[in-house]
Amino acid sequence: MNKDLNDTSEHIEVSVDELDDADIQHVNNPIVGLKPIVKEFLGSVKEVRQENNKFIFTDGAASVEVRVVSDEIIRVRMAPHSVFLDDFSYAVPLLDQKVAVFNFKDEKTYYSVSTNTVTCRINKENFLISFVDNDNNITNEDYLAMHWEENAKFGGYYVYCTKKSDPDESYFGLGDKPTDLNLRGKRLQNWNSDTYSFAKHQDPLYRSIPFFISLKEGNAHGIFLDNTFKTHFDFAQEDPTKLSFWADGGELQYYYIHGPKMMDVVKRYNSITGTHQLPPIWALGYHQCRWSYYPESKVKDLAYQFRSRKIPCDALYLDIDYMDGYRCFTWNKKYFPNPKKMIKELSDDGFKTVVIIDPGIKVDDNYWVFKEGKENKYFCRRSDDYFMEGHVWPGRCQFPDFTNPEVRTWWGGLFKELVEVGVAGVWNDMNEPAVFGSGTFPDDVRHQFDGHRGSHRKAHNVYGMQMVRATYDGLKKIQKNKRPFTITRAGYSGVQRYSCVWTGDNVASWEHLKIGSLQMQRLSMSGLPFAGTDIGGFSGEPTGELFTRWIQLGVFSPFMRAHSAGDTAEREPWSFGKELEDINRKFIELRYKLLPYIYSAFWEHHRYGFPILRPIVMLEQENADNKFREDEFTFGDKILVCPILDEGATSRNVYMPKGNWYDYWTHEMYEGGQEHLIQAPLDSMPIFVKAGSVIPEYPVMQHTNEIEIDELKFQIYYSDCEVNSFQFEDHGDTFGYEQDIYLERKFIVNGDKKSMTIKKSVEGLFNPRYETYDLKFIGLPFKPSKIIIDGVDFKGEIFFDNLKRVRINVSKYFKYIQILK
Ligand code: MIG
């Protein structure tokens, strides 16, 4: 397509026959034939004005706002007739961050807006926008001027942005897509969908996270298209030189997030959309779910099995059958005659009870939830004011409009009784929203959208997020200082502020084990690190081997829950015979041993925005081969996880990033920057610890509340260069950490051929009861003759074994330890 740059008209109109293939596919106009499809493009810049940190450019008719959000984040918005929509976002609660300085320049061919790290250039002649780093490298550049197309049926516009793509550029992110980690060459869309037994590459699934990371010649940046309508991304599929994203309505509004480190892009994305609260520590234990465990005797037996077989477990789930005719907030008294008593008994045994709550409210005038919703006009309505009705589990249902703050408050309050009964967590399902038959709501359903009214086209992708937000806020209010635990299926960017997610109805197959690993890594890179799969696969029957390999991956799933559909065989860690039960136990125990490490990784996310799972490409983004490594990742920054994902495999190749790595099981050391063949019979899984790490460990517990620690264990891995570690600790279930009631221990480990040192400092006001540490030094290259602690010779016994490990007990107040040859 040739755009006439000398055209002086306000916009440039392009009719459909002037567009090449790559543009035609963007055309999605339902009234094709009534009128030729015309795309309008920004023309040349005529004028610019500044309002604080915003710069508004216009071509005489349309306007573009460039806003400095932070040193590394710039937002771009486009308004076809210069009327910007309300500046409202469910995703971004923190729009203006600390901006040190920014500058505006009027150059010969372009205007520029720059911060300390990035410059946004707006070409005067053709309105093309580019982003440039401090070394004058263009990191991101428009291919076409932003454009739009009127939507005659609904009003508003389809809005488009087309940028250049480098042949070597890769793309990552976009949430739960069940496809290759590197998205180059794919076209994907976001429209929350209930996708039972989804297939590899199927799109879209349950969540809409319109955020991606580009990686080009080792440098990364991110784009977050904050638009809740159906959004589309073409990652150079149609044309290897173009990247396009567009939306079926709303405003073209995107954030450019500067890198160049992928890790920083994710952290910065989380800095605007928020991070998870710190989960209650029990939420990080092993959870057992099934559709459904009922009646009460079945649930009690399940609890009994866990404890008598000594398989750790923190939470049991009640799926839809606990309710009376699937009416939310009721109990089936035949199955559960006294829920309060049952939950109390489970709790005495160390089990939390989590219950499911769906959005569909049964149309039944004798049901108080329906009556309240009806009286107060809380349910969604169609364009002509009819109620939005659809069939789901309870039969004919109506659906609360969770985009209305008043409805959210009401909904949040409904949890009072469940909390009083003792329920510890809430699982929100079917909130895409899912409707039997039609799939979801029709487009014309109206939503309040926090005062920025819109149809379901605009509200669909945030419906689930607003439901779980109502749930989270309600629980938080009712439980006071106790951290809520919520889990949701649907979500939009920012949902991490309210909930963890699971990947929905997967399948008991080896392919799905791989898909699950990909989805968790991708969710983590997309700002939603607290995620997990249905361990074992929801539909279908896993073999014992598959289940065990899934439990192994599950140890390193941020959310670790086994779940299965009701029409499958029983699926507990002991369901596949004694031998596999023992292996499953060993790995669930590993989860509990690593809990203080896992909990610390969650703190690092909450406080600093780090992802929890980190694909290899994030660790070594300059190595081009890593763009395609997707079957291993680190959990936090110290543990390299290499799950076995193939049937019958008893070994695998492991790529270790540069540096030295210790086998978690044998303590053998490997040199990184290369692949190693690692043996992994069914009772093992390749796990490696980075040299210099300080890994805290708990004793095996049956649940997180079982044992008060009387001495904390640390494994300290020798390194010949300086390495930082930290460990986080607090009460485990309150918001005390917001008042600095927590403890963050920082360690620095270093070594040479003749000595090893470890320095410790602390931050925060929490003081655990135990007084000593049990320290195990691993991989020492020498036999120690002397240990000095804070300047004083250590007098106790020094255990040194043939695996070059030293073990000592020391006071928790130590600051400095030296081990000498
Ligand atoms: O229509 O509540 O993804 O985890 O067990 C199925 C029953 C509804 C779908 C969820 C699944 C849950 C199931 N639900």
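Residues numbered from 1 in each chain as written. Predicted model: local features only at pLDDT ≥ 70, side-chain atom pairs only at ≥ 80, totals over all residues. Heavy atoms only, no water.

Before going further, it helps to examine the domain arrangement of the protein chain. By the assigned domains, the protein chain splits into domain 1 (12-273), domain 2 (281-608) and domain 3 (610-821). Taken over C-alpha atoms, the centre of domain 2 sits 33 Å from the centre of domain 3. Of the residues lining the interface, 59 residues belong to domain 2; the matching set on domain 3 comes to 57 residues. When domain 2 packs against domain 3, the two sides together hide about 5,500 Å² of surface, and 65% of this comes from carbon and sulfur. In this assembly, domain 2 and domain 3 are joined by four salt bridges. Linking domain 2 with domain 3 are 32 residue pairs in polar contact (both at pLDDT 80 or more), by the criterion used here. Counting only elements with at least two residues in the side of domain 2 that touches domain 3, the list comes to helix H3 (296-309), helix H8 (456-479), helix H9 (510-525), helix H10 (544-555), helix H11 (578-593) and helix H12 (595-608). With 14 residues, the single largest contributor to the side of domain 2 that touches domain 3 is H12. A breakdown of the residues in the side of domain 2 that touches domain 3 according to their chemical character gives 32 nonpolar, 11 polar and 16 charged. (Domains from an automatic or database assignment. Contact = heavy atoms within 4.5 Å. Buried area = accessible area lost by both parts, 1.4 Å probe. Salt bridge = Lys/Arg side-chain N within 4 Å of Asp/Glu carboxyl O. Polar contact = N/O pair within 3.5 Å; in protein donor to acceptor, adjacent residues only side chain to side chain. Helix = DSSP H or I, 4+ residues; strand = E, 2+ residues; numbered from the N terminus. Nonpolar A, V, L, I, M, F, W, Y, C, P; charged D, E, K, R; others polar.)

With that settled, consider the UniProt feature "domain: Glycosyl hydrolase family 31 C-terminal" (unreviewed entry) in the protein chain. Here the UniProt-annotated "domain: Glycosyl hydrolase family 31 C-terminal" (unreviewed entry) positions come out as residues 609-695. Structurally, residues 609-695 comprises 5% helix and 39% strand, and the distance from its first C-alpha atom to its last is 21 Å. (UniProt positions renumbered as here; feature names shortened; annotations may be inferred.)

Strand order across the open sheet formed by eight strands is S3-S4-S5-S6-S21-S18-S17-S14, with antiparallel pairing between neighbours. The outermost strands of the open sheet, each flanked by one partner alone, are strand S3 (47-51) and strand S14 (170-173). Averaged over neighbouring strand pairs, the angle between their axes works out to 20° when direction is ignored. Bridge count for strand S17 (residues 211-216) against strand S18 (residues 219-225) is six bridges, and the pairing is antiparallel. Note on S18: the bridge partner recorded for phenylalanine 211 is phenylalanine 224. Along the sheet, helix H2 (residues 262-273) makes contact with strand S6 (73-79), S14, S17, S18 and strand S21 (252-258), crossing S18 at roughly 25°. (Pairing = 2+ DSSP bridges. Axes fitted to C-alpha atoms, helices over the stretch in contact; angles between N-to-C directions.)

Now for the pattern of salt bridges. In total, this model carries 54 salt bridges according to the counting rule given. A salt bridge links arginine 807 to aspartate 774; its shortest N-O distance comes to 2.8 Å. You can see arginine 807 sitting in strand S54 (residues 805-811) and its partner aspartate 774 sitting in strand S50 (residues 772-778), a full 33 residues away along the chain. Given a relative accessible area of 6%, aspartate 774 falls into the buried group. In this structure, a network of salt bridges that share partners links the residues Glu65, Arg67, Arg75, Arg77, Asp87 and Glu251. (Buried < 20%, exposed > 50% of the residue type's maximum accessible area, 1.4 Å probe, protein only.)

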